[in-house]
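# Report on the structure
As a plain string of letters, each chain reads:
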Amino acid sequence: MDFQISNRMRGMKPSVIREILKQMSDPELISFAGGNPAADSFPAKEIAQFSAEMLEQDPVGVLQYSVTEGVPAAREAVRKFANRHYSVVKANDDLILVSGSQQILDFVTKCLCNEGDVVAVENPAFLGAFLSFRCYGTKLVGVSMEEDGVNLEELEKVFAAEPKPRFFYCIPNFQNPTGRTMSEAKRKAVYALSVKYGVPVLEDDPYGELRIAGQAIAPIKSLDETGNVIYAASFSKIMCPGMRLAYCVCDKTLMKSLVIAKQGSDVHTNVWSQRICAELLTRMDMEAHIQEIRGIYREKAQWMMQLLDEKCPEIRYIRPEGGMFLWGTLPENVQMQDFVKRCLDKKLAVVPGNAFLVDENQPCQNFRMNFSTPTKQQIKMGVEIMAAVLREMQLQ
Ligand code: PMP
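Reference entry: report on the structure contained in this document. (Residues numbered from 1 in each chain as written. Predicted model: local features only at pLDDT ≥ 70, side-chain atom pairs only at ≥ 80, totals over all residues. Heavy atoms only, no water.)

## A few points about unusual backbone geometry
Note the cut-off: Here a helix means four or more residues in a row that DSSP labels H or I, a strand means two or more in a row labelled E, and each is numbered from the N terminus. Exposed residues in this analysis have more than 50% of their type's maximum accessible area, buried residues have under 20%, and partly exposed residues fall in between, with area computed by a 1.4 Å probe over protein chains only.
Here the bond from glutamate 162 into proline 163 is cis, since omega is -5°, no more than 30 degrees from zero. Look at the link from asparagine 176 to proline 177: it is a cis peptide, with omega at 20°. Its place among the elements puts proline 177 in the loop between strand E6 (168-170) and helix H8 (184-197). Phi at phenylalanine 174 takes a positive value of approximately 50°, unusual for a residue other than glycine. The topology assignment puts phenylalanine 174 in the loop between E6 and H8. On the basis of relative accessible area, phenylalanine 174 is assigned to the buried category, the value being 1%. The residue valine 267 is not glycine, and still its phi comes out positive at about 65°. With respect to the helices, strands and loops of the structure, valine 267 is situated in the loop between helix H9 (252-263) and helix H10 (271-283).

## Considering the sheet that holds strand E14 (residues 366-370)
Heads up, the condition is: Being paired, for any two strands, means DSSP has found at least two bridges between them.
Read across the open sheet, the four strands follow the order E10-E11-E14-E13; overall the sheet is antiparallel. Lying at the two open borders of the sheet, with one neighbouring strand each, are strand E10 (316-317) and strand E13 (351-352). As paired elements, E13 and E14 share two bridges and run antiparallel to each other. Bridge pairing in E14 links proline 352 to phenylalanine 367.

## Some remarks on the site of the ligand
Counted only if it meets this: Working definition: residue near molecule or strand if any one of its non-hydrogen atoms lies within 4 Å of it. The term polar contact refers here to a pair of N or O atoms within 3.5 Å; inside protein, the definition further demands a hydrogen-donor-capable atom paired with an acceptor-capable atom, and it admits residues adjacent in sequence only when both atoms are side-chain atoms. Computed by Shrake-Rupley with a 1.4 Å probe, the accessible areas treat only the displayed protein chains as cover when residues are assessed. Residue polarity is assigned by list, with Asp, Glu, Lys and Arg as charged and Ala, Val, Leu, Ile, Met, Phe, Trp, Tyr, Cys and Pro as nonpolar; anything else, Gly included, falls into the polar class.
Close to the ligand lie 14 residues, the nearest being Asp204, Tyr207, Ser234, Ser236 and Arg244. Taking aspartate 204, its side chain carries an N or O atom lying 2.5 Å from a nitrogen atom of the ligand. Computed on the free molecule, the ligand has an accessible area of 400 Å², of which 91% lies beneath the protein chains in the complex. Looking at the shell around the ligand, its residues break down into five nonpolar, six polar and three charged.

## A closer look at the packing of aromatic side chains
Any aromatic ring pair is given by two values, namely how distant the centres are and how the planes are angled relative to each other. Stated precisely, the cut-off is as follows: Stacked, edge-to-face and tilted labels apply to pairs of Phe, Tyr and Trp rings (six-membered ring for Trp) whose centres lie within 6.5 Å, assigned for plane angles under 30 degrees, over 60, and everything in between, in that order.
Scanning the model with the defined rule gives 10 aromatic pairs in all. For the pair phenylalanine 133 and tyrosine 169, a centre-to-centre distance of 5.2 Å together with 75° between the ring planes defines the contact as edge-to-face. Of this pair, phenylalanine 133 sits in helix H6 (residues 127-134) while tyrosine 169 sits in strand E6, and the two are 36 residues apart along the sequence. Tyrosine 169 shares its class with phenylalanine 133; the two are buried. With a centroid separation of 5.0 Å and an interplanar angle of 55°, the aromatic rings of phenylalanine 339 and phenylalanine 367 are classed as tilted.

## Quick look at the packing of helix H7 (residues 152-160) against H8
For the record, the criterion: Axis angles are defined between N-to-C directions and span 0 to 180 degrees, where every axis is a line fitted to C-alpha atoms and, for a helix, only to the segment in contact. Here is the rule for angles: anything less than 35 degrees is roughly parallel, anything more than 145 is roughly antiparallel, 65 through 115 is roughly perpendicular, and the remaining ranges are oblique. Two helices crossing with the near one rotated counterclockwise from the far one by less than a right angle form a left-handed crossing, whereas a clockwise rotation gives a right-handed crossing. Residue contacts are defined here by distance: any two heavy atoms, one from each residue, within 4.5 Å place the two residues in contact.
Axis separation between H7 and H8 bottoms out at 10 Å; the angle between their running directions is 15°. Considering the angle they form, H7 stands roughly parallel to H8. Like other packed secondary-structure pairs, H7 and H8 cross with a definite hand, here right-handed. Listed contacts from H8 to Leu152, Leu155, Glu156, Phe159 and Ala160 of H7 are Lys186, Ala189, Val190, Leu193, Ser194, Lys196 and Tyr197. Within the contact of H7 with H8, the residues separate by chemical class into eight nonpolar, one polar and three charged.

## Looking at the packing of helix H4 (residues 72-82) against H10
Close contact between H4 and H10 brings their axes to 9 Å; oriented N to C, the two are set at 45°. It follows that H4 is oblique to H10 by the angle criterion. As for how H4 packs across H10, the hand of that crossing is left-handed. Residues Ala73, Ala74, Ala77, Val78 and Phe81 of H4 pack against Gln274, Cys277, Ala278, Leu281 and Thr282 of H10. Of the residues that constitute the contact of H4 with H10, the class distribution is eight nonpolar, two polar and no charged.

Shown next as structure tokens:
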């Protein structure tokens, strides 16, 4: 069969990271490439227990179709969780449970964008988001990043330009890939610009709970008095990604469209996952669990940074206050793609930084390292491989 692929999908490329991960079947490969949570952070014992109890006591409730917005008890548990530190769910907002926050990125674009529309994005940013946005034929306009978040002058120019962006995508906490955190002042400024120019903000916050240093900063959504901010958060990093469970909080008017988008896509989120999530939120000590994960990541991040300082002083990197990634910068005399390839030849996978840029062909000296998945031993071996590659390249 000679399939005629749609204009929308023709020319779309698979995610670089998912392609690298395909090579993971090689048991000798050390991966700093993925963004997987540490396997020892999964509440596997509790999930096994709650699952057995639910299937025993209410098999039909767990296995039957359910409502699109989410199982009521689970939605209520998640609403309380979302609001426990800040007022995230406002009076005019609704909350929907979705199959991973990737799905929110898809649905928001599906609901807000026509083909050819502009979406403003932090640049660099999460390439899975770019993929979702591009699947609807949108044009991405990148706004550069500074130490404390997006460049505000550039953002204002993009908001004021014609055509106006349909929304602005940002990851204020421990951004993927740079690990940067948007300052409180910038969050306020981004919200003010959103109101001034009428451009909604899509605040993607899958890593917010994973703070390993510094003081917590309120999400942009907590400042929202006008319904401008669409908030996305996920249980992938604090429960487990295999459950595919996340939530979106936004103004009720937009939520109506999101619900229809979901009906046309997967009808509703996996009921078993939602019910397990509700049990974990109500019966497990989530705060202690989150503290434990933070402890694991703090130790791994510090270990990776210490080894980089010792063995690869030429690599500069941003010290993240949380999340899962370090964003490395290579010296000018080291060609980044060549460095990444040589690391892979020596069985270390890292992600070339240009994969996260709106324009992948721009010059780029960066690469992304993940510290949550590898063991401490693998982190050491991986950094040693990078040191050997740097020696090899600088000697030539
Ligand atoms: N947003 C960002 C910034 C991410 O890094 C990821 C994946 N790690 C996602 C969204 C999607 O996560 P999930 O679908 O597992 O909730």
